[in-house]
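# Chain and residue survey
Here's the letter readout for the chains.
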Amino acid sequence: MRIAFDSRRASDPHGVGRYSRCLLRALSETAASDAEIVQTHRPRGADVFHSPWMEGAMLHCPCPMVVTLHRLAALKRRSEYLRTSVRPRLRALAVQRAVRVIAPTQALADDALDRLALERERVTVIPEAADPVMHPRSPAQIAAAREEYGLPERYLLWVGSLEHPDPTKHVAKLAATPRELPLVLVGPARPWARELPGVIVTGRVGDEGLAAIYSGAHALVLASEDVGFGLPAVEALACGTPVVACEGPALREVLGERATFVECGEFAALISAAQAATRPAPPALAWTWEDAAEATWRVYEQAAAEESAQRGPSGLRARHAPRQAADHRSRAELSFGARRGRGA
C-alpha cells in the first residue's frame with residue numbers, strides 16, 4: 001500500500017504540525033513490509049491520500065482520501081470568521097468527499113456528523129498522544145529554561161499559537177484576569193500578543209525547552225470553549241504538571257478526572273483553581289502515537305477496500321450521500337477508553 005501524506009504543515013510547532021510529525025514517525029515505525037509513505041500533497045499514483053488537516057482536503061482527489069479534523073470553529077462560529085467565510089464551505093465540501101474521516105475525540109466526531117452531514121460509519125475516532133519528548137525534566141533543565149526565556153520561579157502556563165487572535169481561546173480575557181502568579185504564554189506570536197498587558201510571551205519554543213517549561217509550571221490553564229482534543233493538556237500531564245481548564249466535552253472525554261474543570265467563561269475561577277493546584281499531577285495518559293498509527297493504518301486499509309467496492313462496472317467512484325446510520329464506536333476509541341483509566 002502506498003500512502004501519500006500531506007506533510008506541508010509538519011514544521012509548525014503546535015497543532016497540525018505536532019500531529020503530522022508524531023503520526024508520520026509512528027506510521028513509519030508500525031508500517032508493514034509492503035507499505036510505503038510518501039510525503040506529498042500531490043497524491044497521483046498513491047493508493048490512499050491522507051490530509052492531516054481540513055484545509056488540505058482536495059475537492060477532486062485521484063485516489064481515496066482520508067482527512068483528519070482537529071477543530072470546526074470556522075463552521076460553528078461563521079460570524080467571527082468573516083474573512084474566511086467562503087473557504088470553510090469549500091473545505092467542508094472537500095471533507096464530505098473523503099472516504100474516511102478521522103477525529104481525535106467522539107465529541108468532535110459528533111460535531112462533524114452534525115456540521116458536515118457525514119455518514120457515521122465513515123468517521124473514526126483516533127486520539128492523539130503526547131510526544132515522547134514530553135516528560136518531566138530535572139531541576140537543572142527547568143532552571144536553564146527559566147533563564148533562557150526570562151521566566152519567574154513560579155508561573156501559570158498557556159500553550160498554543162498566538163499568530164492570529166482566536167475568539168474561542170479567550171487569551172486576552174485570560175491575560176486581563178487578576179492573579180497572583182505570572183502568566184506565561186508559549187507559542188509563535190505576532191505583535192498583538194506581545195501587547196497584552198501583564199503577561200510573558202516567549203514566542204516559539206523548541207520541544208526540549210517546551211518540556212522544561214511545562215515541567216516548571218505551577219499549572220497549565222486552558223480557557224478555550226472549543227477544543228477538539230486538547231493536546232497541550234496531555235503534554236502537560238506527561239511532564240507532571242496539573243491542568244485546569246474550562247469545561248468542554250472534548251477535554252472532559254480526554255482527561256476525565258485528570259484535570260480540574262470550571263464553567264466556561266469563569267476566568268476568575270479558572271485562575272483561582274490554577275493557583276490552588278498542587279502536585280503530584282494525575283498520571284499521564286497511556287495511549288501512544290504507536291497506538292494511533294496502528295489505528296490509522298486500519299483506516300487506510302478500510303479506505304482502499306471501500307474505494308474498490310464503491311467502483312461500479314464503469315470504474316467510476318460512487319458518490320457518498322449523507323445518511324443516518326447505527327451508532328457505534330471505533331476499535332481505537334474503545335481501546336483509548338480502556339487505556340485512559342491506567343497510568344503511563
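Everything quoted here is computed from the prediction, not taken from an experiment.

## What to know about the pairing of strand β2 (residues 36-39)
- Inspection of the sheet shows strand β1 (residues 2-5) paired to β2 by 4 bridges, in the parallel sense. Residue pairing for β2: Ile 3 is matched across the bridge by Ile 37.

## Thoughts on the sheet that holds strand β8 (residues 183-186)
- If you walk across this open sheet you meet the 6 strands as β9-β8-β7-β10-β11-β12, and the pairing is parallel. A single partner strand is all that each edge strand has here, and the edge strands are β9 (199-203) and β12 (260-262). When strand polarity is set aside, the average angle formed by the axes of neighbouring strands in this sheet is 25°.
- When strand β10 (residues 219-222) meets strand β11 (residues 243-246), the two strands line up parallel, connected through 3 bridges. Along β11, the bridge assignment pairs Leu 220 with Val 243.
- Strand contacts of helix α11 (residues 267-275): β7 (156-159), β10, β11 and β12, with the helix running at about 170° to β11, the strand carrying the most contacts.

## A few points about unusual backbone geometry
- Pro 280 follows Arg 279 through a cis peptide bond whose omega is 5°.
- You can see Pro 280 is positioned in the loop between α11 and α12 (289-310).
- Of note, Ala 117 is a non-glycine position whose phi angle comes to about 55°, a positive value.
- Residue Ala 117 is classed as partly exposed on the basis of its relative accessible area of 34%.
- Here the phi dihedral of His 170 falls at roughly 55°; this positive angle occurs in a residue that is not glycine.
- Overall, the relative accessible area of 12% leaves His 170 in the buried class.

Rules and cut-offs
Residues numbered from 1 in each chain as written. Predicted model: local features only at pLDDT ≥ 70, side-chain atom pairs only at ≥ 80, totals over all residues. Heavy atoms only, no water. Pairing = 2+ DSSP bridges. Helix = DSSP H or I, 4+ residues; strand = E, 2+ residues; numbered from the N terminus. Axes fitted to C-alpha atoms, helices over the stretch in contact; angles between N-to-C directions. Contact = heavy atoms within 4.5 Å. Buried < 20%, exposed > 50% of the residue type's maximum accessible area, 1.4 Å probe, protein only.

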